[in-house]
Amino acid sequence: MTAAATGYRPPATLPEELKALKGWLVWRLVQLPGESKLRKVPYYVSGKPRKNHGTEEDRAQLATFDQAAGACAKGGYSGLGLAILPDFGVVALDFDRVAAGGDIDPRVAALVDGTYAEFSPSGTGVRAFFKGSLPSRKNNDPAPGEFEVEVFGTSGFVTVTGNVLPDCELFGNDTTLAPITPAVRALFAQRFGAAAMPGATGDDDADWLLSVSPKVGLSIDDARRLLEGVSADCGYDDWLGVGQALHHEFDGSDEGLALFRAWSNTGAKPAADKTITGKWASFGRYTGQPRSMAWVLKAAKEQRAVNPELEDFWAYLPQHNYLFVPTRELWPGGSVNGHVKNWPTNPVNGKPIRPSDWLDKHRSLQQMTWWPGASEIIENRAVFDGGVVDKDGVRVFNLYREAEPFEGNALQVAPWRDHLRAVYPEDADHIERWLAHRVQRPGEKLNHALVLGGVPGIGKDTLLEPVKRAVGAWNWQDIGPQQVLGNFNGWAKAVVVRLSEARDLGDVSRYALYEGTKTYIAAPPDVIRVNEKNLREHYVVNVLGLVITTNHRSDGLYLPADDRRHYVAWSDRTKEEFGDAYWRWLWAWLDDGGAANVAAYLRSLDLSGFNPKASPPKTPAFWVMVAAGEAPESNELRDAIGALEFCDAFTLSDLVDVAGTSGLAYELNDRKHRRSLPHKFERVGYVPVRNPDAKDGAWVIGGRRQSVYSRADLAYSDQVRAARALRGIGGIGEVGEVPPGRLKV
């Protein structure tokens, strides 16, 4: 029987790497006893059902592509199938129910982009093939909102239809077998756990742990000093963890092995050298819970003695108190002397010296500051209003405290990323990079605020919770609008400040809030004067990143059209779209290691294309807020100014004349509103122009002193020229000259 008679057509295009495999089968739908659902059962081309998968007997009966296609053409089978064996170096991903009606789930489309992918026999599933190795796994009970996926990498068989996805054919990938991508590996780790990946070889033998936990950046000497605070009698799992961390930090080098051996030998029952070298050789591949030097840092801190030592204190000379380093609190001298057990001795007479006296002489501070990225003790530098200057003999204590080391899997972050994209689909990439910048570069100023808007109950604050943990809760401050406008600003000592529930505070207050945040959002100023209760005012480096959350789109923030300090993201999702079960599931995931995973992901996210100093894009939501903040009288002002004969500059009297008897004229004449007029004129593009020839800056026009307003987009010299033209005394040119192009005709 010919192909025309059976109706079967073999795939027109397939990657040659697949066609070259001697692993082809045929299959047919069979109803097995006791089952109502039809099964896809594989057969050899001889007609016998496949059995004993992967054995020599099985391999001997697998066919070439042409043999299997020929068997299908003869009839009696539903289609072609491909056996998946470990040595084939091929991985197939099978996605169920992701192509209903021909519309492919965009998450799946992104995962299979760039390699051969086809529809399943039912037309509702998608199958993609990759070059590489992953264990076979099945995930048929995914989390809410997730798709089902089965991975074939070491066993099983998959059907091959040749019904290529439209994009796969359109972009010429119908003959491409691409290597396994990082996105596929991330999906595998998320669904099946990273512990399922010991056989997950990529294109090289790089340390897999590097993809989930970056290096700390320690030298061998740093690590040696650190391990002095970690007992080698810590238990087998933790002993392995230290070895894996050292291997990861020092790329499996001989120096790292020597340090692991030396540290191991400090234990009461050190491991045999053969065991140490054998385990060292096995590190670098993922085995068990991932451990990096960040975990070792935390372990060392936990083992630190509870009782304070002399070295835990510094004398703070401006207040003659003593800084207790672990808590950053100031102690009186009597408390220091009463709690430090080991008093220093006088080297001359051997008598004990009060710790406070010894600290005054040997460990004294001239200043305190807060400076992420700088060392704890900053020598020979001082922080002033103008910035940081070199100053011999000055010692500054840096109050900044790094976040606690955390262990997380950067590949297992789908719940958080999916929620971010559900709430802010168009803004997710920018939000991720903004947050990652705060985690990776806390000491670098990010020159724009992040505005997250939407109705209550959609998870704006939930998105930020892992970031708070990543930067350290003590480096995160939550404030309200009144604190921005208040006298105390200790909250400025933060990597991230969340300004919550920004909304209409009255016309002037909204503008005051906008003006009040300018100093903190962008630099310069490079330093900020901090005023805290019960502490001397001091200067800190201006590196905070401001996140503004608001539930109000029309009466929230005031933003002018020329603003360059705010990236605005707005969500149209509603509270009803997220049920209680969803929040319980998401928060359980965050608390069960998900927050640490997000922190690890943000810590490793590539920021090479992110410019923290550039002005942010002006989103559609930005322009909505600009329009919402437009004062009702702004258009009336524009009309009145446009009616002037000469509109490069004007006085208040000029506007009153053209306003006539309108409501605008009443407002312009009402002295109660005079103080807000400069702000309203600035909204429509006009600013006051000072008279350079008068001490008080006023202009004498029509025999009385008046303020003149000129176009904000003019150079100052042109603004003065326009103001002088109003009174006919001339400007930079001839007397009475009107600048060319300025007269309204």
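Keep in mind it's a predicted model, so treat the numbers as computed, not measured. (Residues numbered from 1 in each chain as written. Predicted model: local features only at pLDDT ≥ 70, side-chain atom pairs only at ≥ 80, totals over all residues. Heavy atoms only, no water.)

A. Representation of the overall build of the protein chain. Check the secondary structure of the protein chain and you find 26 helices and 29 strands. Across the 745 residues that make up the protein chain, the buried fraction comes to 49%. Contacts in the protein chain between residues at least 24 apart in sequence constitute 70% of all its contacts with a sequence separation of at least 6. Carbon together with sulfur atoms contributes 50% to the accessible area of the protein chain, which is approximately 35,500 Å² in total. (Helix = DSSP H or I, 4+ residues; strand = E, 2+ residues; numbered from the N terminus. Buried < 20%, exposed > 50% of the residue type's maximum accessible area, 1.4 Å probe, protein only. Contact = heavy atoms within 4.5 Å. Areas by Shrake-Rupley, 256 points an atom, 1.4 Å probe, with all protein chains shown as cover.)

B. Fine view of the pattern of salt bridges. Under the criterion given, the structure shown has 32 salt bridges. Asp105 is the partner of Arg107 in a salt bridge, and the nearest nitrogen-oxygen pair spans 2.9 Å. You can call Asp105 buried: its relative accessible area is 17%. With a closest N to O distance of 3.0 Å, Asp357 and Arg354 form a salt bridge. Classification of Asp357 by relative accessible area gives partly exposed; the value is 34%. (Salt bridge = Lys/Arg side-chain N within 4 Å of Asp/Glu carboxyl O.)

C. Fine view of the nonpolar core. Within the largest apolar cluster, 89 residues are counted, with the highest numbers of intra-cluster contacts made by Phe397, Trp416, Leu435 and Leu602. The biggest single contributor to this core is helix α20 (residues 580-604), with ten residues. Of all hydrophobic cores here, the second largest spans 57 residues; its members include Leu62, Leu85, Leu111 and Ile180. (Core = buried A, V, L, I, M, F, W, Y, C linked by side-chain atoms within 4.5 Å.)

D. Layout of the sheet that holds strand β9 (residues 157-160). Taken in spatial order, the four strands make up an open sheet running β2-β1-β3-β9, and their pairing is antiparallel. Two strands in the sheet have a free side with no partner beyond their single neighbour: β2 (39-43) and β9. Within this sheet the neighbouring strands show an average axis-to-axis angle of 40 degrees, counted without direction. Across four bridges, strand β3 (residues 79-83) lies against β9 in antiparallel orientation. In the sheet register, Gly81 faces β9, and the bridge partner there is Thr159. (Pairing = 2+ DSSP bridges. Axes fitted to C-alpha atoms, helices over the stretch in contact; angles between N-to-C directions.)

E. Spatial organisation of the sheet that holds strand β12 (residues 321-324). Read from one edge of the open sheet, four strands run β13-β12-β11-β14, paired in mixed fashion. Because the sheet does not close on itself, it has two edges, and the strands there are β13 (329-331) and β14 (364-365). By the bridge criterion, four bridges tie strand β11 (residues 313-316) to β12 in an arrangement that is antiparallel. Note that in β12 the partner of Phe313 across the bridge is Phe324.

F. Local environment of the pairing of strand β6 (residues 126-131). For β6, the tally of buried residues reaches five of six residues, placing the bulk of the element in the interior. By the bridge criterion, six bridges tie strand β4 (residues 90-96) to β6 in an arrangement that is antiparallel. In the strand pairing of β6, Val90 is matched with Lys131. Of the strand pairs in this sheet, strand β5 (residues 117-119) and β6 are connected by three bridges, and their pairing is antiparallel. From the neighbouring strand, Phe119 faces β6, where its bridge partner is Val126. Turn length for the β5-β6 hairpin, with the two strands adjacent in sequence and antiparallel, is six residues, and the turn residue Gly123 shows positive phi of about 85 degrees. Across two bridges, β6 lies against strand β10 (residues 178-179) in parallel orientation. Directly across from Phe130, in β10, lies its bridge partner Ala178.

G. Quick peek at the side chain of Thr619. Along the chain, Thr619 turns up in the loop between α20 and α21 (620-628). When near neighbours in sequence (up to four residues on either side) are disregarded, Thr619 contacts Asp427, Tyr567 and Val568.

H. Seen up close, the packing of helix α9 (residues 236-249) against helix α10 (residues 254-264). Where α9 contacts α10, the axes come no closer than 9 Å and their chain directions differ by 155 degrees. Considering the angle they form, α9 stands roughly antiparallel to α10. Regarding α9 and α10, the two cross each other, and that crossing is right-handed. On the side of α9, the interface is formed by Trp239, Val242, Gly243 and Leu246, while α10 contributes Gly256, Leu259, Phe260, Trp263 and Ser264. Considering only residue class, the contact of α9 with α10 consists of six nonpolar, three polar and no charged. (Parallel < 35°, antiparallel > 145°, perpendicular 65-115°, else oblique. Left-handed = near helix turned anticlockwise from the far one by under 90°. Nonpolar A, V, L, I, M, F, W, Y, C, P; charged D, E, K, R; others polar.)

I. Quick peek at unusual backbone geometry. A cis amide bond links Ala523 with the next residue in sequence, Pro524, at an omega value of 5 degrees. Structurally, the position occupied by Pro524 is in the loop between α19 (507-521) and β21 (527-530). With omega at 10 degrees, the peptide bond leading from Pro524 into Pro525 counts as cis. With respect to the helices and strands, the residue Pro525 is situated in the loop between α19 and β21. Positive phi, close to 65 degrees, is recorded for Arg328, a residue that is not glycine. As for its placement among the helices and strands, Arg328 is situated in the loop between β12 and β13. Overall, the relative accessible area of 19% leaves Arg328 in the buried class.

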